[in-house]
Amino acid sequence: MFAGLESRKTKVKEIMNALDDENMNIIGICGMGGVGKTTIVEEVFRQANAEKKFDKIVMVVVSQTPNVTKIQDEVAHKLGLNLENRDKSERVSALAERIKMEKKILVILDDVWSRLELEEVGIPFGEDHKGCKILLTSRSEDVCSEMDAQKTFPIQVFSEFEAWVLFREMVGEAVDSSDLNSVAREVTNRCGGLPIAIVTVGRALRNRSKHVWIDVLRQLKKPVPKRIKGMDAFVYSRLELSYNYLEGEEAKSLFLLCSLFPEDYEISVETLVQYGMGLRLFQDVDTIQDGRVRARALVSTLLSSFLLLKAEDDDFVKMHDLVRGAAIDIASKEENKTKYMVQAGVGLRDWPNPEIIFQTYTGISLMSNDIRGLPDGLECPKLQTLLLQENSRRSNLEIPPNFFQGMKDLKVLDMSLNKILSLPPSISLLATLRTLSLVRCKLGDISFIGTLKQLEILDLSGSNIQVVPGDFTQLTHLRLFDLRDCSRLMQIAPGVISSLCKLEELYFNSNFTNWAAGGEENSRTSASLAELKSLSQLTSLFLVVPNADLLPHDLNLQNLTRFSIAIGNPSPVPRIEKNLSLSFDTRLSGPAKFLVKRAEALTLRECRGLENILKDLDNDGLNELKILSLWSCNEIKYLLDTVDPMVVFRNLEELKLIELRTFTEICHGQLPSFTFSKVRTLEMKNCDSMVNIVPSNLLSRLQCLQTLKSESCHSLQNVFDLEGLAIGRDGTEFLSSLEELLLRNLPELIHIWKGSLHRVNLCKLRVVFLVSCIKVRRTFPPSLVQKLVHLDRLLVYGCSNLEEIFGTHNEQQIEIVVPGKSLGTNMSLRNLTTVGVYECDKLRYIFPLSIARGLVLLQYLNIECCAMVESIVEEEKGEETESSIEKIVFPDLREITLDNLHNLTCFCKGRYAVEYPYLEEMYLVNCPKMEIFGHGAQISPKLKKVRLPKGIWKGDLNSTVQHIFNQKAEPPNDRISTV
């Protein structure tokens, strides 16, 4: 079973391994309807039975309306037990006793829709019966959690390759013919990797003519391909069942709302918030932020039910094409109160057929087309949502004067990413409009927007507006006003901001600084920051203030829960809820001082007079801070000068120190308890007075440190100085969370690690970049090499005095089996995939032999311009004799580049065979002393040429390299590098 379907084989193997785990008694399998959960558990049943893992295996279907009596009867029947003529409690106890008679039993519960109380069924597990395992399938990951599954396996749709394997199995070899192949592959892709759709469509097309194939493909390109045999019965019915089982109308409405977007569209969750608030989709929600939280919760529910899919960015979601088709089908039915017409992203150049009756639709989506003009006189009395974004970016979208006249119930209008030179007068008739989005629009006169008195959300971000007109004073119900990225905005009419008395969220462009300095409104031409005092409900504010003096001293910002505010500085990129950026030459007071205490991310740039952050800014210890960045504050010597033992920086996670000329150390004196205990990222650049980055007193606190970056600190001598580290008896290891170490242009750096290293454990270190550190002689001493078990990428560049990358003395040898012979091998670098070494003139080799044997995942190796390198792999003193070594294997190495290595004589020293089973690319440029690749057989079955950069091949690696040497080939100057 599952021939050619490696993802399913892997998943079955993982589930089988979980069943072997004595600590697991409940295991969940989840995925969208039709993804193949039942097929997987059937295969688990078959394999477990064949391997005799259990004395008994019982499988029952639970379904969306579980009948406990029926479930009991089915389990009992398969165990040879009769439960007839017993009352409820007797049935439970009898079934439980029968199950306990089996030393090892597996109960498979297929299609679970909600928590099933196993005790009420009579299925003992855990302490009641440790030999009973429960394996359940569900369309919801949440249900697996509710069932207390200790491990859950999500099942994804097939990749394009596996989808084709299954489709070909369903249809037969006819799809390989040139006549059908291209159509067949497009049909397969249209099934979106969903097994039930692939099987249904494949069976419908088996032994059919090409005309049928073309017609089916045409149907599949439609949002709802219903004229294909089995699609309704097997595909859409399953997906609609998942929709019907959603709890509450909110989740159902949000799901249908997502169908308004085009295929494969990444849907912004914030857009769903704005639409949902406009449509009153969220129940018992008082504020925009409450709606945002509610939307996130509903999205989580839909993700858990596999009705939505995660996008790469957590702020976006996607919809599987067939799920979207099911949603459109549901929302197009006459009986639903939500009725949508969706023709989004289908290439329309004109408004849809005017014969379509629009009166019944509550939502119309024509977004992402190429419509240049809109019709006049539409009658859409029930229309609440109209999406017209992304239609006419370059040419003007022609909107007739009366276009909106028949849409008197419209709540949400999105015309973003269009060129709209003038909004029609009929827009003022939209008396119920609550959400208007004109994101990145080229707009002309926008004064008509001021007539939309019920408007609550107005998003003009990224548009070309230059003035916020005085007409906007009428928008007294506005709750969210977004002007971010309006780079041409020059003026906000006085009185507008203070009129928006219900405003909760206000976002200004980061370069808008045209604030008037107080005074009467009628004497000003632009808004004043004093107007913010009228916004008593304001909770979110993005703002740039060119001068702290413009902030009224009595401005109350107590209610702000989200802010990104810059005073005398460019606005910070808002990464978390509360961001503040400051530049000043006097001590702060008033609102600015309050913001410092509340900030979670604080940037201080060119702050003249700032010597002690805690004394000058916040005597309470800045314990709210998660991110701190210091730029060009040249009077600061220490971040922390400890005299008072008060806890400070308790929650700090990220620290950046940039261009601090007099800064000498992070902490001067003894550190208070818990200070810096949560720091994950430490970065410094151009701090020319620093000698040590992490001295011993700081190291003991950085137990969460994941990333350390240092660049162009010209006095730096030590990165980690452990010499003063107290000898502890608690077994504490240091740097065990470190994942990335990036060191660049540190001309005085001598030691990456200084002092005793017996308590340093680099077990999570994945990435190391060492660039232009000309005094460093060693990177990883022997005691650290054996702990680099997760090192994945290594780049060393321009380290002219480097003599050794990996130390080898007293290494722990681990027995592993490789093809050919069992060898004592150092497996510490078993996860290393990419190595690049450049311009390191004192290196003689890259890997010691014992380490090279353990490079089982190495894929890319690039060594360039290292004048003294004689071999890539070097034998070690005390190594086994050559006769004891039969073969070395680089099992995953794909590409090797050896470039400008004037002393290189061979790849591996020693007369043993070396095998490269997956090597496909070899670049050998300007290595004049290389007479042979290796002194034993060099086995590379996939390699067909050595590039100089022109390809040469003489049957095997050694013959090819000998030919190149004998021909004294003069390669061109072009250098090829892939790392």
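Residues numbered from 1 in each chain as written. Predicted model: local features only at pLDDT ≥ 70, side-chain atom pairs only at ≥ 80, totals over all residues. Heavy atoms only, no water.

For the chain, an unreviewed UniProt entry supplies the name Disease resistance protein and the organism Actinidia chinensis var. chinensis. Listed under Sequence similarities (unreviewed entry) in UniProt, the entry text for the chain is "Belongs to the disease resistance NB-LRR family." (UniProt positions renumbered as here; feature names shortened; annotations may be inferred.)

So, on to the packing of aromatic side chains. Taken as a whole and judged by the stated rule, the model has 26 aromatic pairs. Note on Trp113 and Tyr245: the rings are 4.7 Å apart at their centroids and 65° apart in plane angle, and the pair reads as edge-to-face. With Trp113 in the loop between strand S3 (105-112) and helix H5 (118-121) and Tyr245 in the loop between helix H11 (231-244) and helix H12 (249-258), this residue pair connects regions lying 132 residues apart in the sequence. Under the relative-accessibility criterion, Tyr245 is labelled partly exposed at 31%. Taking the centre distance of 6.2 Å and the plane angle of 55° together, the rings of Phe472 and Phe481 count as tilted. The same class applies to Phe472 and to Phe481, which are both buried. Here a set of aromatic residues connected by ring pairs shows up, and it is made of Trp351, Phe358, Tyr361, Phe403 and Phe404. Between the NZ or CZ atom of Lys252 and the centre of the ring of Tyr243, over which it lies, the distance is 5.6 Å. A cation over a ring is seen here: Arg894 above Tyr918, with NZ or CZ 5.1 Å from the ring centre. (Phe/Tyr/Trp six-rings, centres within 6.5 Å; stacked < 30°, edge-to-face > 60°. Helix = DSSP H or I, 4+ residues; strand = E, 2+ residues; numbered from the N terminus. Buried < 20%, exposed > 50% of the residue type's maximum accessible area, 1.4 Å probe, protein only. Lys NZ or Arg CZ within 6 Å of the ring centre and 35° of its normal.)

Okay, the sheet that holds strand S30 (residues 692-694) next. Spatial ordering of the open sheet is given by S30-S32-S34, a layout of three strands whose pairing is parallel. Both edges of this open sheet fall to S30 and strand S34 (751-754), since each of them pairs with a single strand only. When strand polarity is set aside, the average angle formed by the axes of neighbouring strands in this sheet is 30°. With three bridges connecting them, strand S32 (residues 718-721) and S34 associate as parallel partners. What sits directly across from Asn718, in S34, is His751. (Pairing = 2+ DSSP bridges. Axes fitted to C-alpha atoms, helices over the stretch in contact; angles between N-to-C directions.)

Evaluated as defined, the whole model comprises 44 salt bridges. Between Asp370 and Arg372 there is a salt bridge, and its shortest N-O distance comes to 3.0 Å. Arg372 gets classed as partly exposed once you look at its relative accessible area, which sits at 38%. Salt bridges linked by common partners bring Glu270, Arg292, Glu505, Arg562 and Glu577 together as one network. (Salt bridge = Lys/Arg side-chain N within 4 Å of Asp/Glu carboxyl O.)

Moving on: the pairing of strand S49 (residues 921-925). The buried fraction of S49 is high, at four of five residues. Judged from the five bridges that link them, strand S46 (residues 895-899) and S49 form a sheet pairing that is parallel. Directly across from Asp899, in S49, lies its bridge partner Val925.

Under the domain assignment used here, the chain contains domain 1 (6-154), domain 2 (246-334), domain 3 (557-679), domain 4 (685-724 + 733-807) and domain 5 (832-872 + 886-969). A separation of 29 Å is found between the C-alpha centroids of domain 4 and domain 5. Listed per partner, the contact involves 18 residues of domain 4 and 17 residues of domain 5. Summed over both sides, the interface between domain 4 and domain 5 buries roughly 1500 Å², with carbon and sulfur atoms accounting for 57% of that surface. (Domains from an automatic or database assignment. Contact = heavy atoms within 4.5 Å. Buried area = accessible area lost by both parts, 1.4 Å probe.)

The biggest cluster of nonpolar side chains holds 195 residues, and the ones touching the most others in it are Phe720 and Leu898. Looking at this core, the element that brings in the most residues is helix H17 (residues 591-598), giving four residues. Once you skip the residues sitting within four places of it in the chain, Leu898 turns out to touch Ile863, Ile872, Leu904, Phe907, Tyr923, Leu924, Val925, Cys927, Met930 and Phe933. The next biggest cluster of nonpolar side chains, apart from the first, holds 130 residues, and it includes Ile123, Ile155, Ala197 and Leu279. (Core = buried A, V, L, I, M, F, W, Y, C linked by side-chain atoms within 4.5 Å.)

Attention now moves to helix H9 (residues 195-205). Where burial is concerned, most of H9 is hidden: 10 out of the 11 residues are buried. Looking one or two places after H9, you find Asn207, whose phi comes out positive at around 60°.

The next subject is the sheet that holds strand S47 (residues 906-908). The sheet built from three strands is open, its strands ordered S42-S44-S47 with parallel pairing. Only two strands of the sheet have a single neighbouring strand rather than two, namely strand S42 (847-848) and S47. Pairing analysis gives two bridges linking strand S44 (residues 871-874) to S47, with the strands arranged parallel. Opposite Ser871, over in S47, you have Cys906 as the bridge partner.

Next up on the list: helix H7 (residues 160-171). With 12 residues, H7 extends 16 Å from end C-alpha to end C-alpha; this agrees with the ideal 16 Å at 1.5 Å per step. Packing partners of the buried residues in H7 comprise helix H1 (6-20), helix H8 (181-190), H9 and helix H10 (210-220). In the stretch just after H7, Gly172 is the one whose phi turns positive, near 105°. (Expected span 1.5 Å × (residues − 1).)

Space inside the largest pocket adds up to approximately 1400 Å³. Around the largest pocket, the lining comprises 46 residues; the ones closest to its centre are Ser268, Glu270, Asp459, Asp482 and Arg484. For the lining of the largest pocket, the secondary structure elements donating two or more residues are strand S6 (267-268), helix H13 (269-278), helix H14 (288-304), strand S21 (540-545) and strand S22 (562-567). With five residues, H13 is the largest single contributor of residues to the lining of the largest pocket. (1 Å grid on protein atoms, 1.4 Å probe; cavity = no way out; pocket = protein on both sides within 12 Å on 5 of 7 lines; lining within 4 Å. Points joined across faces, edges and corners; volume = space filled by probe spheres on them.)

Contact geometry for H1 and helix H2 (residues 37-50): axes closest at 10 Å, N-to-C directions at 55°. With respect to H2, the axis of H1 lies oblique. Like other packed secondary-structure pairs, H1 and H2 cross with a definite hand, here right-handed. Between H1, through Arg8, Val12, Ile15, Met16 and Leu19, and H2, the contact on the second element is made entirely by Ile40, Glu43, Val44, Gln47 and Ala48. Considered class by class, the residues forming the contact of H1 with H2 number seven nonpolar, one polar and two charged. (Parallel < 35°, antiparallel > 145°, perpendicular 65-115°, else oblique. Left-handed = near helix turned anticlockwise from the far one by under 90°. Nonpolar A, V, L, I, M, F, W, Y, C, P; charged D, E, K, R; others polar.)

Take the environment of Glu117 next. Structurally, the position occupied by Glu117 is in the loop between S3 and H5. Looking at Glu117, the relative accessible area reads 29%, which means it is partly exposed.

Another aspect to go through is the state of the cysteines. Overall, the coordinates contain zero disulfides when judged by the stated rule. For Cys132, which is in no disulfide, the shortest distance to another cysteine sulfur is to Cys144 and amounts to 17 Å. Taking relative accessible area as the criterion, Cys132 reaches 0% and is therefore assigned buried. (Disulfide = S-S within 2.5 Å.)

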